[in-house]
Amino acid sequence: MATEIERKFLVNELPDVESLDGQPMIQGYLRADAGGSVRVRITGDGAHLNIKGPGDGASRTEFEYAIPAADARVMLDTLCVGAPVEKVRYRIDHAGYIWELDVFSGANDGLVLAEVEMTSIDDTPEVPGWVGREVTGEAPYYNASLALQPFTEWAD
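For the structure given in this document, a descriptive report is provided here. (Residues numbered from 1 in each chain as written. Predicted model: local features only at pLDDT ≥ 70, side-chain atom pairs only at ≥ 80, totals over all residues. Heavy atoms only, no water.)

Quick word on the environment of Asp102
Piece 1. Positionally, Asp102 belongs in strand S7 (residues 97–105).
Piece 2. Assessed through its relative accessible area of 2%, Asp102 is described here as buried.
Piece 3. Each C-alpha atom of the pair Asp102 and Tyr141 lies 12 Å from the other, and the pair is 39 residues apart in sequence.
Piece 4. Those residues within four positions of Asp102 in sequence are excluded, and the remaining contacts are Lys87, Val88, Arg89, Leu111, Val112 and Leu113.
Piece 5. Among the polar contacts made by the side chain of Asp102, one reaches the side chain of Lys87 at a distance of 3.1 Å.
Piece 6. Here the side chain of Asp102 touches Arg89 through a polar contact of 2.7 Å, side chain to side chain. (Helix = DSSP H or I, 4+ residues; strand = E, 2+ residues; numbered from the N terminus. Buried < 20%, exposed > 50% of the residue type's maximum accessible area, 1.4 Å probe, protein only. Contact = heavy atoms within 4.5 Å. Polar contact = N/O pair within 3.5 Å; in protein donor to acceptor, adjacent residues only side chain to side chain.)

Below, the structure written as structure tokens:
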């Protein structure tokens, strides 16, 4: 069984990403609720179907499978609930960990999140200076939640 262990943070100040290759992504959810999610994602590298179980803090069960891009497009256009989640992902190496910086657009424009994946729940990655408040486990910041209640619709 595969397990994802990650921490998620708001970003206080966007670091310099001009020299980095950002990867545009569009994803949608066939299921998005407290019991888990089923996601389809298209990136420049191809398309994947991702299945996640319910969250338990920073850890949850996760499976991912490559699928044909044409199938993913049909799923995004006809089967997904809510709004598509559009973002550009930048990968930043910091103190021995790869941080994924997601700059959202579309229905989630204005939101910027950073995630760091760990091999153990006991890992303590050094947090970069541009990272702000931790939102690990806060459901509104899950991508599945952003599909159903986009950031641009949040009340102040």
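Read on, since the account is not over.
Focus: the pairing of strand S5 (residues 59–67)
Piece 1. Relative to S5, strand S1 (residues 3–11) runs antiparallel, the two sharing three bridges. Note on S5: the bridge partner recorded for Glu4 is Arg60.
Piece 2. Two successive antiparallel strands, strand S4 (residues 46–52) and S5, enclose a turn made up of six residues, where Gly57 displays a positive phi of approximately 70°. (Pairing = 2+ DSSP bridges.)

Side note on the pairing of S7
Piece 1. Here strand S6 (residues 81–94) pairs with S7 via nine bridges, running antiparallel. Considered in S7, the bridge of Val88 is made with Val103.
Piece 2. Adjacent in sequence and paired antiparallel, S6 and S7 are bridged by two residues, among which Ala95 carries a positive phi angle near 55°.
Piece 3. Sheet topology places S7 next to strand S8 (residues 112–117); five bridges connect them, and they run antiparallel. Across the sheet, residue Leu101 finds its bridge partner in S8, namely Ala114.
Piece 4. Hairpin geometry of S7 and S8 is characterised by an intervening segment of six residues between the two adjacent antiparallel strands and by a positive phi of about 60° at Gly106.

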